[in-house]
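Here's the letter readout for the chains.
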Amino acid sequence: TTTTTTTTMSYENIEKKAKKEWGSIKASPRALNTTNKIRDLVDQIELNGHPDKALIALSIGDPTVFGNLERSEKVTKAVEDALNSRKCDGYPHSAGYEKSRKAVAKYMSLDGVDYTSDDILLTSGCSGAIDIAFEVFNTPGCNILVPAPGFSLYHTLADAKGMEMRDYNLLPHQHWQADIEQMRSVIDNNTVAIVVNNPSNPCGSVYNKEHLQELVKVAEEFQVPIISDEIYAHMIFDGEFVAIASVADKVPVLTLGGLAKRYLVPGWRVGWICVHDPVDAFKGEIRGGLIKLSQHILGPNSLIQGALPAILSETPQSFYDGVVEYIKENAHTVFNMLSGAHGLKPVMPHGAMYIMVHIDVEKFKDVKDDRDFSQKLITEESVFCLPGLVFNAPNFVRIVTTVPKEKMVVAMERILDFVDKHKKE
C-alpha cells in the first residue's frame with residue numbers, strides 16, 4: 001500500500017511539473033560569446049537598394065557567387081574519379097587520409113621547407129584550420145596577436161574561446177606592412193601566438209621576404225610561435241609569394257591553407273595545417289594537441305580528401321594564371337576609376353581578391369563614417385561594399401575583385417555618381 005501511494009504521488013508530481021510552462025533554457029557561454037561582425041552588419045543594414053538599379057554586391061568573399069569564374073575541369077575529374085573509386089566513402093583518420101596528407105606535404109614544400117605527411121593535418125576548410133590552431137594555444141589568461149585590418153573570423157573564434165585579441169596595426173601607406181614597433185609593444189608574457197595573413201584579407205597585400213623576416217625576428221625575440229594564414233597563397237599579380245616558414249629557421253610556425261580560394265571551391269570545405277618546427281617547440285604537446293582537436297569532427301569531407309592528390313598535382317598552371325589575371329584586371333579597374341574620385345583613396349593590392357578604399361569623411365557633406373557610406377551607397381546606387389569597421393579598419397570599405405568585369409565597371413560608375421552627389425562644395 002505504501003509503495004502504491006508513493007508511486008501515485010510521484011506521478012502526480014510529474015503531472016504537475018508537466019503542466020508548468022517551459023522556462024528559457026540557457027545556452028553555453030561559448031555560444032553566447034560568438035559574434036560574427038559581417039553577419040551582424042548584414043542583419044542590421046538595410047539592403048533595399050534603388051528600385052531602378054539591380055544590386056551589385058561587392059561584399060561577398062566567395063569567388064563562385066556570380067558564376068563567372070569556373071573551377072578547372074581537372075578538379076572536376078579528380079572528384080569524379082574519387083567518387084567512382086568507392087574508396088572514399090568511409091571515415092578517414094581524423095588527421096586525413098595518408099595519401100592526401102602526403103599530397104599536401106608535397107604541394108606545400110617550398111623554398112627549402114620540406115614537410116612530410118606527419119606534419120599535415122586536414123581540416124574542414126581553412127576556417128576549421130584557424131579554429132584548431134587557435135584552440136591548441138588556448139590557455140587561461142592568454143592573448144593572441146592579430147592584424148588590423150584583419151579577417152573578422154579571428155575575433156569571432158577568439159571571443160568565443162575567451163581568448164584576448166590584441167591588434168597589431170597594418171600601415172596602408174606602406175603597402176599594409178605591419179607596424180613592427182607597435183607590434184612589439186602589445187606582446188607580453190601571456191602572448192601565445194602571432195597571426196600573419198599573407199596575402200591579406202581584406203587588404204590584398206603581399207609581403208616580401210624582407211618584411212616576413214622582420215616579423216619572424218619579433219617572434220624569435222619573444223619566443224612566440226606564428227600562425228600563418230596563407231589561404232590566398234600564390235594568388236598574386238605583383239611580386240612573388242614567399243611562405244613565412246621558409247624564413248623561419250628558428251621559429252615554429254603553423255601554416256594554414258586550403259582549396260577554397262585558389263581552386264574556386266570554398267564550399268568543398270577542405271583545408272590544412274602544416275607544422276613547421278625547426279626548434280622542436282611543438283614536439284611535446286602541440287602536435288599531439290592538434291591530433292586530439294581533429295577528433296572533434298573526425299576530419300573533413302572524405303570525398304574531396306580522396307581527390308586531393310589529383311587536384312593538387314594535375315590542375316594546369318594556365319588555370320591559376322587565368323584566375324589571377326582576372327582578379328588583377330578588376331583590381332586595376334577599381335584603382336584607376338576611383339583614384340581621382342573626390343574623398344576616396346584606393347590602396348592598390350598585390351594579391352588575394354580584395355581592394356581597400358579609404359573614405360575621407362571630412363570631404364563629404366553628409367557621410368558620417370564607413371558604415372553610413374555603405375548604407376547610403378546601397379540605398380541610392382544599389383552597390384554593396386563592406387564597411388571597414390568589420391575588419392577593424394574605420395573609414396575604409398572593402399571591394400571584392402572577383403565580380404564580372406562589366407558589373408565592376410557599372411559599380412564604379414555608380415560610386416563616382418554617389419561621391420559627386422555627396423561631396424562638399
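Refer to the structure printed above.
Residues numbered from 1 in each chain as written. Predicted model: local features only at pLDDT ≥ 70, side-chain atom pairs only at ≥ 80, totals over all residues. Heavy atoms only, no water.

### Focus: the overall build of the chain
Cut-off, in case you're wondering: Numbering of helices and strands starts at the N terminus; helices are DSSP runs of H or I of at least 4 residues and strands are runs of E of at least 2. Only C-alpha atoms enter the radius of gyration, while the globule expectation follows 2.2 Å times N to the 0.38, with N the number of residues. Each residue is assigned to one of three classes by its accessible area relative to the maximum for its type, calculated with a 1.4 Å probe on protein chains only: buried under 20%, partly exposed between the two thresholds, exposed over 50%. Contacts between residues were defined by any pair of non-hydrogen atoms, one from each residue, lying within 4.5 Å.
In terms of regular secondary structure, the chain is built from 14 helices and 14 strands. The C-alpha atoms of the chain give 24 Å as radius of gyration, which agrees with the globular expectation for 425 residues (22 Å, within 12%). Projected onto the principal axes, the alpha-carbon positions of the chain cover approximately 95 × 60 × 50 Å. Here the chain, with 425 residues, has 52% of them falling under the buried criterion. Pairs at least 24 apart in sequence give 75% of the contacts found in the chain among residues at least 6 apart.

### Focus: helix α7 (residues 153-161)
Among the 9 residues that make up α7, 8 are buried, leaving the element largely enclosed by the rest of the structure. If you check which residues of α7 are buried, you get L153, Y154, H155, T156, L157, A158, A160 and K161.

### Regarding the state of the cysteines
We apply this condition: Disulfide assignment relies on a single distance test, namely cysteine sulfur atoms paired within 2.5 Å.
Considering all chains together, one arrives at 0 disulfides under this definition. Cysteine C203 shares no disulfide, and the gap to the nearest cysteine sulfur, in C385, comes to 15 Å.

### Structural notes on the pairing of strand β8 (residues 253-258)
In plain terms, the rule: Only strands joined by at least two bridges in the DSSP assignment are considered to pair.
A large share of β8 lies buried, amounting to 6 of its 6 residues. With burial as the criterion, each face of β8 is covered, one bearing V253, T255 and G257 and the other bearing L254, L256 and G258. Judged from the 6 bridges that link them, β8 and strand β9 (residues 271-276) form a sheet pairing that is antiparallel. Each bridged residue has a counterpart across the sheet, and for G258 the counterpart in β9 is G271.

### Some remarks on the environment of Q213
Its location among the elements puts Q213 in helix α9 (residues 209-222). A relative accessible area of 37% means that Q213 is categorised as partly exposed. Spatially, the C-alpha atom of Q213 lies 20 Å from that of C203, the residues being 10 residues apart in sequence.

### Notes on the pattern of salt bridges
Operational definition: Only one rule defines a salt bridge in this text: a Lys or Arg side-chain nitrogen within 4 Å of an Asp or Glu carboxyl oxygen.
Per the counting criterion, the structure on display carries 16 salt bridges. Across the pair K53 and E381 runs a salt bridge whose closest N-O atoms are separated by 2.6 Å. Of the two residues, K53 sits in the loop between α3 (37-44) and β1 (56-57) while E381 sits in helix α13 (residues 370-381), which places them 328 residues apart along the sequence. On the accessibility criterion, K53 (28% relative accessible area) is partly exposed.

### Digging into the nonpolar core
Operational definition: Throughout, nonpolar core names a set of buried Ala, Val, Leu, Ile, Met, Phe, Trp, Tyr and Cys residues whose side chains join them through atoms within 4.5 Å.
Of all hydrophobic cores here, the largest spans 77 residues; its most connected members are F134, L259 and W272. In terms of nonpolar packing, the next biggest core, distinct from the first, is built from 30 residues, L212, L215, A248 and F396 among them.

### What to know about the sheet that holds strand β2 (residues 120-123)
Hydrogen bonds between backbone groups are what pair the strands of a sheet, and the pairing can be parallel or antiparallel. Here is the rule we go by: Interaxial angle, 0 to 180 degrees, is taken between N-to-C directions of lines fitted to C-alpha atoms, where a helix line uses only the stretch in contact.
Here 8 strands make up an open sheet; going across it, the order is β2-β9-β8-β7-β6-β3-β4-β5 and the pairing mixed. Two strands close off the open sheet at either side, each with one partner strand: β2 and β5 (177-178). Bridging between strand β7 (residues 226-229) and β8 involves 4 bridges; their strand directions are parallel. If you follow S228 over to β8, its bridge partner there is T255. Strands β2, β8 and β9 of the sheet are contacted by helix α5 (residues 98-108), whose axis makes an angle of about 110° with β2.

### Overview of the packing of aromatic side chains
Given two aromatic rings, one states the distance between the centres and the angle between the planes to describe the pair. This is how it is decided: Think of it this way: a Phe, Tyr or Trp ring, Trp meaning its six-membered ring, pairs with another when their centres are within 6.5 Å, and the plane angle makes it stacked under 30 degrees, edge-to-face over 60, tilted otherwise. Here, a charge over a ring is recorded when the distance from Lys NZ or Arg CZ to the ring centre is within 6 Å and its angle to the ring normal is within 35 degrees.
Throughout the structure, instances matching the rule amount to 11 aromatic pairs. Seen from their ring centres, F364 and F373 are 6.3 Å apart, and the 75° between their planes marks the pair as edge-to-face. We note that F364, like F373, is buried. One aromatic cluster is present, formed by Y107, Y263, W272, F319 and Y320 through successive ring pairs. Lying over the aromatic face of Y320, R262 brings its terminal NZ or CZ to 3.6 Å of the ring centre.

### Considerations on the packing of helix α4 (residues 73-85) against helix α11 (residues 302-314)
We count it as follows: Roughly parallel means an angle under 35 degrees; roughly antiparallel, over 145; roughly perpendicular, 65 to 115; everything else is oblique. If you view the pair so one helix is near and one far, a crossing is left-handed when the near helix is turned anticlockwise from the far one by less than a right angle, and right-handed when it is turned clockwise. Lys, Arg, Asp and Glu make up the charged group, whereas Ala, Val, Leu, Ile, Met, Phe, Trp, Tyr, Cys and Pro make up the nonpolar group; the residues left over, Gly among them, are polar.
Contact geometry for α4 and α11: axes closest at 8 Å, N-to-C directions at 140°. By the criterion of interaxial angle, the relationship of α4 to α11 is oblique. α4 and α11 meet at a crossing whose hand is right-handed. On the side of α4, the interface is formed by K74, V75, A78, V79, A82 and L83, while α11 contributes L303, I304, G306, A307, A310, I311 and E314. Among the residues making up the contact of α4 with α11, the classes are represented as 10 nonpolar, 1 polar and 2 charged.

### Here's the deal with the environment of D52
Turning to its location among the elements, D52 is positioned in the loop between α3 and β1. You can call D52 exposed: its relative accessible area is 67%.

### Quick look at unusual backbone geometry
Following A148, the chain continues into P149 via a peptide bond in cis, with omega recorded as 5°. The amide bond that connects N201 to the next residue, P202, takes the cis arrangement and shows omega of 25°. The residue Q223 is not glycine, and still its phi comes out positive at about 50°. Its place among the elements puts Q223 in the loop between α9 and β7. The class of Q223 is exposed, set by a relative accessible area of 74%. For S382, which is not glycine, the phi dihedral falls at a positive 55°. Within the element layout of this structure, S382 appears in the loop between α13 and β12 (383-384).

### Observations concerning the environment of I273
With respect to the secondary-structure elements, I273 resides in strand β9. Sequence separation between I273 and L389 is 116 residues, and the spatial gap between their C-alpha atoms is 29 Å. Each residue touching I273, except ones within four places of it in the same chain, is listed here: D119, I120, L121, T123, A129, I132, A133, L254, T255, L256 and L290.

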